[in-house]
Amino acid sequence: MIEGTANIRKVNEEGLPVLPHFSEKLNANHSKTQTKGSKLLENKCYNKTLNQSFKEALMFKVLITDPISEKGIEILKREPDIEVDNEPDISYEELLEVIKDYDCIITRSRTPVTAELLERAERLKVVGRAGVGVDNIDLEEASRRGILVINTPGANTIGATELTLAHMLCVVRNFHN
């Protein structure tokens, strides 16, 4: 088992999973290896720079390219290891220029995740589709590049159920006509 994965079973006050923060664990383990004596100050200065580099390297950059719930954005922003850029009006041309810097992209229907986009996405690990289908994502290219594609298939179940019941009530109310 990878050190730190035991934290995944914990949940916060909203019942959401608490992700392990590997940068904190890495910093804690790294500080144990400092030498004693006259080199301590030199090592602390070096370690501070090194730890900052580790933190930057361990930050995950997420780009949100379509409008999604503010609650979802806030959940992502609370994670100290995730940097979130919410750009719901970004053009496809702009996206092609900036995608190389991101580990994850969250889309809806507006943003096409094409083979061209995936080719430019040097760091991309995850494509999250906030919706039922994945018809705007080139699944074959994403699979070839080892990029995980996830969606939210049950996201609109309650809304669809409510609409269905409303239509049924309308039919029943007007049945006698």
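Keep in mind the model is a prediction, meaning the values are calculated, not measured.

### Some thoughts on the environment of L118
Thinking step 1. As for its placement among the helices and strands, L118 is situated in helix α5 (residues 115–120).
Thinking step 2. Judged by relative accessible area, L118 falls into the buried class, the value being 1%.
Thinking step 3. With 24 residues separating them along the chain, L118 and A142 place their C-alpha atoms 6.9 Å apart.
Thinking step 4. For L118, the contacting residues outside a window of four places in its chain are V113, L124, V127, D138, E141, A142, R145 and I147.

### A closer look at the sheet that holds strand β5 (residues 148–151)
Thinking step 1. The strand order across the open sheet formed by 5 strands is β2-β1-β3-β4-β5, and the pairing between neighbours is parallel. Looking at which strands have only one partner, the edges of the open sheet turn out to be β2 (82–86) and β5. Averaged over neighbouring strand pairs, the angle between their axes works out to 15° when direction is ignored.
Thinking step 2. Sheet analysis places strand β3 (residues 104–107) next to strand β4 (residues 126–129), joined by 4 bridges and oriented parallel. Within β4, the position partnered with I106 by the bridge is G128.
Thinking step 3. Against the sheet, helix α3 (residues 70–78) contacts β1 (60–64), β2 and β3, and its axis sits at roughly 150° relative to β2.

### Remarks on the pattern of salt bridges
Thinking step 1. Per the counting criterion, the structure on display carries 8 salt bridges.
Thinking step 2. The salt bridge partner of D101 is K100, with a shortest N-O separation of 3.8 Å.
Thinking step 3. What makes D101 partly exposed here is its relative accessible area of 31%.
Thinking step 4. Here D103 makes a salt bridge to K125, at a shortest N to O gap of 2.6 Å. Here K125 lies in the loop between α5 and β4 and D103 lies in the loop between α4 (92–98) and β3, a separation of 22 residues in the sequence.

### Focus on the pairing of β2
Thinking step 1. Taken together, the 5 bridges between β1 and β2 define a ladder with parallel strand orientation. By the bridge assignment, K61 is partnered in β2 with E83.

### A word on the nonpolar core
Note on soluble globular proteins: their nonpolar side chains tend to be buried together.
Thinking step 1. Formed by 16 residues in total, the largest nonpolar core has its most connected members in L95, I99, I105, L117, L118, L124 and V127.
Thinking step 2. Looking at this core, the elements with two or more residues in it are α4 and α5.
Thinking step 3. The contact partners of L124, leaving out residues within four places of it in the chain, are Y102, D103, C104, I105, L118 and I147.
Thinking step 4. Formed by 8 residues, the second largest nonpolar core is a distinct cluster that contains I64, I73, L76 and C104.

### A short note on the side chain of T111
Thinking step 1. By the element assignment, T111 lies in the loop between β3 and α5.
Thinking step 2. A polar contact is formed between the side chain of T111 and the side chain of T65, at a distance of 3.0 Å.
Thinking step 3. Reaching out from T111, the side chain makes a polar contact with the side chain of D66 at a distance of 3.0 Å.
Thinking step 4. For T111, the contacting residues outside a window of four places in its chain are T65, D66, L95 and N136.

### What to know about the confidence of the model for the protein
Thinking step 1. Taken residue by residue, the protein gives an average pLDDT of 78. The fraction at 70 or more is 66%.
Thinking step 2. Averaged over each element, pLDDT in the protein is lowest for helix α1 (residues 22–31) (45) and highest for α5 (97).
Thinking step 3. In this model residues 1–8 is a low-confidence stretch, pLDDT under 50, and it forms 11 contacts with partners more than four residues away in sequence or in other chains.
Thinking step 4. Note on residues 22–42: pLDDT under 50 across the span, and 23 contacts to partners over four residues away in sequence or across chains.

### Points about the environment of T157
Thinking step 1. Mapped onto the elements, T157 comes out in helix α7 (residues 157–173).
Thinking step 2. For the pair T157 and V132, spaced 25 residues apart in the sequence, the C-alpha separation amounts to 9.8 Å.

Thresholds, definitions, all that
Residues numbered from 1 in each chain as written. Predicted model: local features only at pLDDT ≥ 70, side-chain atom pairs only at ≥ 80, totals over all residues. Heavy atoms only, no water. Helix = DSSP H or I, 4+ residues; strand = E, 2+ residues; numbered from the N terminus. Buried < 20%, exposed > 50% of the residue type's maximum accessible area, 1.4 Å probe, protein only. Contact = heavy atoms within 4.5 Å. Pairing = 2+ DSSP bridges. Axes fitted to C-alpha atoms, helices over the stretch in contact; angles between N-to-C directions. Salt bridge = Lys/Arg side-chain N within 4 Å of Asp/Glu carboxyl O. Core = buried A, V, L, I, M, F, W, Y, C linked by side-chain atoms within 4.5 Å. Polar contact = N/O pair within 3.5 Å; in protein donor to acceptor, adjacent residues only side chain to side chain. pLDDT = per-residue confidence, 0-100.

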